[in-house]
Amino acid sequence: MSEADETAPARADCVADSAGGLTFHIADGARPAPGGHDDWSGALVLLRRGAADAPDGEVRLPLGPTADGRLQAALPSTVALPEGRWDVHVAYGDAEPRRLAPGLNDLRSLVDRRPGPSTSPLSVRIPYATKHGNLSLRSWRRAPHAEAGEIRLGDDTMTVRGRLHRVAYPSDWLAEAVVEARRRGGTAPVRTAPLEVDGPDFSFTLSYPELARSWDGGADVWDLWLRPADGSMAPARLARILDDIADKKEIFTYPPRTVTGPHGEVQARPYYTRGNDLAVRIEASV
């Protein structure tokens, strides 16, 4: 084995299940030699980026052998993985964890995922390759969750369809609920619009000029939530997480519309944040 091969990171293949769990398969070459001090003492180590030293910033999953000579670790959906980005490592014995590189991902079960009825938090984990070629996970854990679907753009409006998950009675929760646009920074009144409801499904239309009324220069970002009529129940953030795409900001893009604000023309467009939450951006026309 060449020196380059010795220092190259081991690769891990990932298989997702429809419940939100992941199974990692690591090539046999990543394991210490049989009979060595560290043989069979391996663990897959997940470290939450920016919070690895926090009490919930590290998760260790035992590695075990498979029939084809590889090592395997399972991350069931029942393991609570706080929201964020998790860097994936492998460790043996007392050795420092080493980063893993992405191998082959089988994420077919995540495409158009339809979670079953439940009130437990919805677990979503999507493996992805970082810009440096390492393996990481994007994790979400939400209850309730409002999954954004089709977005249609009018001349000065946007219409969004979606579905509510992780509440006991979705149609009751959605009855008389509204979509709520909250200006980031909290320096303007909240804007609301009514919902059209069909069971767990909903749709709404937002007016860009209504959002632009508060624009006074720079860039405004309006985060979108569903707020139930019952104030004792938690609101649900609009997001798109039930598929196999970890970062949607650069993939799902929408053209801007020009509308008139109090200080001139502005451009308005929906977009997905780095956390895949749905928002609307208002800024000066170019």
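Parameters at a glance
Residues numbered from 1 in each chain as written. Predicted model: local features only at pLDDT ≥ 70, side-chain atom pairs only at ≥ 80, totals over all residues. Heavy atoms only, no water. Helix = DSSP H or I, 4+ residues; strand = E, 2+ residues; numbered from the N terminus. Phe/Tyr/Trp six-rings, centres within 6.5 Å; stacked < 30°, edge-to-face > 60°. Buried < 20%, exposed > 50% of the residue type's maximum accessible area, 1.4 Å probe, protein only. Contact = heavy atoms within 4.5 Å. Salt bridge = Lys/Arg side-chain N within 4 Å of Asp/Glu carboxyl O. Pairing = 2+ DSSP bridges.

Quick word on unusual backbone geometry
Pro-144 follows Ala-143 through a cis peptide bond whose omega is -5°. Following the sequence through the fold, Pro-144 ends up in the loop between β11 (135-142) and β12 (145-153). Phi is positive for Arg-166, which is not a glycine, with a value near 65°. Within the secondary structure, Arg-166 sits in the loop between β13 (157-165) and α2 (170-174).

A look at the packing of aromatic side chains
Inspection of every chain in the model, using the stated rule, returns 1 aromatic pair. Ring plane angle 75° and centroid distance 6.1 Å describe the contact between Phe-252 and Tyr-272, whose orientation is recorded as edge-to-face. Of this pair, Phe-252 sits in the loop between β19 (236-239) and β20 (257-261) while Tyr-272 sits in strand β21 (residues 264-272), placing them 20 residues apart in sequence. Under the relative-accessibility criterion, Tyr-272 is labelled buried at 0%.

Focus on the environment of Leu-81
By secondary structure assignment, the location of Leu-81 is in the loop between β6 (71-75) and β7 (84-92). What makes Leu-81 buried here is its relative accessible area of 1%. Expressed as a C-alpha distance, the spacing of Leu-81 and Val-160, which sit 79 residues apart in the sequence, is 29 Å. Discounting chain neighbours no more than four positions away, the residues touching Leu-81 are Leu-46, Val-59, Leu-75, Trp-86, Arg-125, Leu-137, Ser-139 and Arg-141.

Thoughts on the pattern of salt bridges
The final tally for this structure, using the stated rule, is 24 salt bridges. Close ionic contact of Glu-150 with Arg-161 constitutes a salt bridge, the shortest N to O distance being 3.6 Å. Here Glu-150, found in strand β12, pairs with Arg-161, found in strand β13; they are 11 residues apart in sequence, far enough to count as distant. Given the relative accessible area of 36%, Glu-150 is considered partly exposed. Across the pair Arg-240 and Asp-243 runs a salt bridge, and its minimum N-O distance is 3.9 Å. With a relative accessible area of 21%, Arg-240 lands in the partly exposed category. Overlapping salt bridges bring together Asp-13, Asp-68 and Arg-70 as one network.

Focus on the sheet that holds strand β5 (residues 64-65)
Strand order in the open sheet formed by 5 strands is β5-β6-β2-β1-β9, and the pairing between neighbours is mixed. One side of each edge strand has no neighbouring strand; the edge strands of this open sheet are β5 and β9 (101-106). With 4 bridges joining them, strand β1 (residues 11-16) and β9 adopt parallel strand pairing. Bridged to Val-15 within β9 is Asp-106.

Structural notes on the pairing of strand β2 (residues 22-26)
The buried fraction of β2 amounts to 4 of the 5 residues, a majority that puts the element mostly inside the structure. Relative to β2, β1 runs antiparallel, the two sharing 5 bridges. Its bridge partner lying in β2, Asp-13 is registered against His-25. Hairpin geometry of β1 and β2 is characterised by an intervening segment of 5 residues between the two adjacent antiparallel strands and by a positive phi of about 110° at Gly-20. Both β2 and β6 contribute to a ladder of 5 bridges, which runs antiparallel. For Ile-26, the partnering residue across the bridge sits in β6 and is Leu-71.

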